[in-house]
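Coordinate analysis (summary)
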Amino acid sequence: GMFMTGILGKTITDYFNGFLSTLAENSGLLFWKGVGILLIIVGGKLVLNLISQLTARQIKKSEEMPEMQARRVQTMMTMTRSTFRYVVYGICALMILAQLGFGNAINNLLLSAGIGSLALGIGAQSLIKDVVTGFFMMFEKQFSVGDYVKLDDIEGTVTATAMRGTYLKNFAGQQIIIPNGTIGRVINYSRMDSLAKVTVSTPYEADSRQVMEILDQAVKAYAKQVKEVIVEEPKVQGITELADSSVNITVICRTLPLRHWEVERGLRLAVKEALDEAGIGIPYPQQDVHLKMEAEDSSQPN
């Protein structure tokens, strides 16, 4: 047992001494490899900083352009920044591995038996889908930075478009990141006029023609105050529903993109004030109750 332990100890000592002498012989080489790796990292950082500065400058310049053009530029710049980040990181990683002596091993792995293509095919399937979809969305100009969109069932303002995902900010200020490959249906609210639509419940007792006349005057008076945000004058569509307890009258108004929310709020206030002034109250749930009296027993004396 002692003999075996002695041999093992000697073997470990020899191996360690050999390792130390290899280190000593190659210390210069290792030092330069370390310097090389450091230079690769610094170079990568410098390239990314330069890209960031150039894209930021273009985004700043775009602020003086017409809005639609500015949004296109911002979209292109955020996409460019994202793409370069992936490319530079990828190149730096490969160069560092080559410095560490894995260069040939990586080449052999990628070339032999298609292992590389298989790994890429399985691992990068969703990544490739995200990237390809992202480029298609950008070239088809489906949306730009600053547009208010609905992607499937998520709504928000586009803050950035990256290679892999689209960044949205919703009304609550939360940032939502959606992988491009999962985006199916896109609704862009910023490109076309919006429609403000308000349904007014009025009582059955009121004269509906008179109520519609009052509403018409009220919404037209309101439209004069906000003419810079409306595209077409509001109009009373008429009775759109005879509900259980109310006669529902709908008012519609075409507005500039995304201004329909404020116009709807304004229309409601104008309608409410006009109905108050005319003394027309809001309808309350009503029910007619019929009491059926049982016929009295005829055998009883009157």
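In the block above lies the structure referred to throughout.
Residues numbered from 1 in each chain as written. Predicted model: local features only at pLDDT ≥ 70, side-chain atom pairs only at ≥ 80, totals over all residues. Heavy atoms only, no water.

Some details on the packing of aromatic side chains
- Taken as a whole and judged by the stated rule, the model has 5 aromatic pairs.
- Measuring from ring centre to ring centre gives 6.3 Å for F135 and F139, while their planes differ by 20 degrees; the resulting arrangement is stacked. Highlighted residues: F135 and F139, both in helix α5 (residues 125-139), separated by 4 residues, approximately one helical turn.
- Classification of F139 by relative accessible area gives exposed; the value is 60%.
- In this structure an aromatic cluster arises from ring pairing among Y148, F171, Y189 and W261. (Phe/Tyr/Trp six-rings, centres within 6.5 Å; stacked < 30°, edge-to-face > 60°. Helix = DSSP H or I, 4+ residues; strand = E, 2+ residues; numbered from the N terminus. Buried < 20%, exposed > 50% of the residue type's maximum accessible area, 1.4 Å probe, protein only.)

Some thoughts on the sheet that holds strand β7 (residues 235-242)
- Pairing within the open sheet is antiparallel, and its 3 strands lie in the order β6-β8-β7. A strand with exactly one partner marks an edge of an open sheet, and here the two such strands are β6 (194-202) and β7. Strand-to-strand twist in this sheet, taken as the mean axis angle between neighbours without regard to direction, amounts to 25 degrees.
- The pairing of β7 with strand β8 (residues 247-255) spans 6 bridges and is antiparallel. Looking at the pairing, K235 lines up with I252 of β8. (Pairing = 2+ DSSP bridges. Axes fitted to C-alpha atoms, helices over the stretch in contact; angles between N-to-C directions.)

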